[in-house]
Structure formats: C-alpha cells, structure tokens
There are 2 protein chains.
Amino acid sequence: KGDAAEGKKKAVVCGACHGTDGIAVIPGYPNLKGQNEQYLISSMNAYKNNQRSGGLSNVMQAQASLLSEQDIKNLAAYYAGLK
Amino acid sequence: KGDAAEGKKKAVVCGACHGTDGIAVIPGYPNLKGQNEQYLISSMNAYKNNQRSGGLSNVMQAQASLLSEQDIKNLAAYYAGLK
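Computed from a predicted model, the values in this text were never measured in an experiment.

Novice: Explain the interface of chain A and chain B to me, using residue names and the numbers behind them.
Specialist: Of the residues lining the interface, 20 residues belong to chain A; the matching set on chain B comes to 20 residues. The interface formed by chain A and chain B holds 14 residue pairs in polar contact (both at pLDDT 80 or more) in total. Here the residues of the side of chain A that touches chain B sort into eight nonpolar, 11 polar and one charged.

Novice: I'd like a rundown of the pattern of salt bridges, residues and numbers included.
Specialist: Residues and elements named next belong to chain A. Scanning the model with the defined rule gives eight salt bridges over all chains in all. Here Asp-71 ties to Lys-10 by a salt bridge, and the two come within 3.7 Å at their closest N and O atoms. Of this pair, Asp-71 sits in helix H4 (residues 69-81) while Lys-10 is found in helix H1 (residues 4-18), placing the two residues 61 residues apart along the sequence.

Novice: Can you break down the relation of the copies chain A and chain B residue by residue, with the values?
Specialist: Of the transformation placing chain A onto chain B, the axial shift is 0.0 Å and the rotation is 180°, giving an RMSD of 0.0 Å. The superposition of one copy onto the other is thereby described by a two-fold rotation axis. For chain A, the minimum C-alpha distance to the rotation axis belongs to Arg-52 of chain A and amounts to 2.2 Å. A share of 100% of the interface residues of chain A reappears at the interface of chain B, consistent with the copies meeting face to face through the same patch.

Novice: An account of the layout of surface pockets is needed here, citing residue identities and associated values.
Specialist: By volume, the second largest pocket amounts to about 280 Å³. For the second largest pocket, the lining is made up of 15 residues, of which Ile-23, Asn-31 and Lys-33 of chain A together with Lys-33 and Gly-34 of chain B are closest to its centre. Residue composition of the lining of the second largest pocket, grouped by class: five nonpolar, six polar and four charged.

Novice: I'd love a proper account of the environment of Glu-6 of chain B, names of residues and values included.
Specialist: Looking at the element boundaries, Glu-6 of chain B is found in helix H1 (residues 4-18). Taking C-alpha positions, Glu-6 of chain B is 17 Å from Ala-16 of chain B, a pair spaced 10 residues apart along the chain.

Novice: Please give an account of the side chain of Arg-52 of chain B that cites residues and values.
Specialist: Structurally, Arg-52 of chain B can be placed in the loop between helix H2 (37-48) and helix H3 (57-65). As a buried residue without a salt bridge, Arg-52 of chain B has its nearest oppositely charged side chain in Glu-37 of chain B, at a separation of 16 Å. Within polar-contact distance, the side chain of Arg-52 of chain B engages the side chain of Tyr-47 of chain A at 3.4 Å. When sequence neighbours within four positions are dropped, the list of residues in contact with Arg-52 of chain B reads Tyr-39, Tyr-47, Gln-51 and Arg-52 of chain A together with Tyr-39, Ser-43, Ala-46, Tyr-47, Ser-57 and Gln-61 of chain B.

Novice: So what's going on with H1 of chain B? Which residues, and what values?
Specialist: Residues and elements named next belong to chain B. For H1, with 15 residues, the first-to-last C-alpha span of 16 Å runs short of the 21 Å given by 1.5 Å per residue. Within H1, the axis deviates most sharply at Val-12, by approximately 60°. Every buried residue belonging to H1 is among Gly-7, Ala-11, Cys-14, Gly-15 and His-18, and all of these are buried.

Novice: Lay out the packing of H1 of chain B against helix H4 (residues 69-81) of chain B in plain terms, naming residues and giving numbers.
Specialist: Residues and elements named next belong to chain B. At their nearest, the axes of H1 and H4 sit 8 Å apart, and the two run at 80° to each other. As judged from the angle between their axes, H1 and H4 are roughly perpendicular. Between H1 and H4, the contacting residues are Ala-4, Glu-6, Gly-7, Lys-8, Lys-10, Ala-11, Cys-14, Gly-15 and His-18 on the first element and Asp-71, Asn-74, Leu-75, Ala-77, Tyr-78 and Tyr-79 on the second.

About the cut-offs
- Think of each chain on its own: its residues are numbered from 1, step by step along the sequence as written.
- Chain letters start at A and ligand numbers start at 1, both assigned in the order the entries are written.
- Reporting of local features is limited, given that this is a predicted model, to residues whose pLDDT is at least 70; pairs of side-chain atoms are given and counted only at 80 or more, and all residues count toward the totals for whole chains, interfaces and linings.
- Think of the side-chain values as coming from all heavy atoms in the structure, minus any hydrogens and water.
- Every residue pair with non-hydrogen atoms within 4.5 Å of one another is taken to be in contact.
- N or O atoms within 3.5 Å of each other form a polar contact, as long as, within protein, one can give a hydrogen and the other can take it, and as long as residues adjacent in sequence are counted only when both atoms are side-chain atoms.
- Gly is placed with the polar residues, together with every amino acid not listed as nonpolar (Ala, Val, Leu, Ile, Met, Phe, Trp, Tyr, Cys and Pro) or charged (Asp, Glu, Lys and Arg).
- Between Lys or Arg on one side and Asp or Glu on the other, a salt bridge is scored when a side-chain nitrogen of the former is within 4 Å of a carboxyl oxygen of the latter.
- Helix and strand assignments come from DSSP, with helices taken as H or I runs of at least 4 residues and strands as E runs of at least 2, each series counted from the N terminus.
- The atoms used to superpose the copies are C-alpha atoms, taken from residues with pLDDT of at least 70 in both, and the fit is least squares.
- As defined here, a cavity is a set of points on a 1 Å grid over the protein atoms alone where a 1.4 Å probe fits but cannot get out. A pocket is an open set with protein on both sides within 12 Å along at least five of seven lines, and residues line them when an atom is within 4 Å of a point.
- Grid points are joined across faces, edges and corners, and a volume is the space filled by probe spheres set on the points.
- Each residue is placed in one exposure class: buried if its accessible area under a 1.4 Å probe, protein chains only, is under 20% of its type's maximum, exposed if it is over 50%, and partly exposed if it falls in between.
- Charge assignment: positive for Lys and Arg, negative for Asp and Glu; neither His nor the chain ends contribute.
- Multiplying 1.5 Å by the residue count of a helix minus one yields the expected span of that helix.
- Working definition for bend: take the seven residues up to and ending at a residue and the seven starting at it, fit an axis to each, and measure the angle between the axes.
- All axes are obtained by fitting lines to C-alpha atoms, using only the stretch in contact for helices, and the reported angles, taken between N-to-C directions, cover 0 to 180 degrees.
- An angle below 35 degrees is read as roughly parallel, one above 145 as roughly antiparallel, one from 65 to 115 as roughly perpendicular, and any other as oblique.

Set out below in structure tokens:
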C-alpha cells in the first residue's frame, strides 16, 4: 500500500516538473493532481521498464529508474490524494 | 489548433473508459479532466506511434490508431478545457 506522507517527501524531486501541488509547470508534462492511483503506478512502471518512448519520455525514464517499487506506490498515493 | 466542440463529439467513444466528464470509469485508466493540452496531444501521438506499451496500452493503441491529427488536437482541447 502506498504511504502518501512518504510520497510527499519523495515528491520534492518530482515537483520540479509536475509541481508540488501536482499541476505541471511545463505544459508538455502531465498534471498529476487527483490522477488515479492505479494509473500512476502503471505509468511510472511503464517508464521504469522503458515501455514508454517518444515525446519527453527520456526525462521521465531517467527519473523512474531511480524509484523503488515502494517509492512508486508512495508517490502514487501522494499525488492521487491531492484534491 | 484544437476545436473543443468537435472534440466533444469525438469524445463519445473515449467516454466509455475516460468518462465524458474526464473522470476515468476504471481506476487503471487516467482521468483526462483538465490535463495539459500539449501533454494530451503528446500522449495520444505516443500511443498512435506505438511508443507506449505495457499496462493497458494495447487498448489505447487501437483507439489512437483510428484518430487523425485533427481529431487528436480537438480531443486534447476538449478534455483540457474541462474544469
């Protein structure tokens, strides 16, 4: 299960592009605020497993490669919980 | 430029999974409501160009393959505009 509080600490890195409030600072990046937790997990894993290329995916592949499975669950819980 | 009104007509198909209001009916699919227009275009093109695999991407690849460039712009304008 994801721990949103832990996710919030980890999200400091993500905030640079996705905003700490989950509203992306760059229009080419997705807003994450209130996104579906399960979809967030599935997308981060897709980047981590290099199943997403094209667009700006190389930036996200690098980031996702640094995340553990628990990090991914915590981050998903954090961003999905932002209302 | 995307035409949100045209996008709304096209979105009838998308609504089955993403909700006509942009809130996904299945947790494994992303909410699209208020997502960044540029990111929506980039994602739909990534599915259309088979640059996204893994997870439930095969469903979306099939859908995206039916969309023209203008459809993609119109849909992006429609969903990005939902507040």
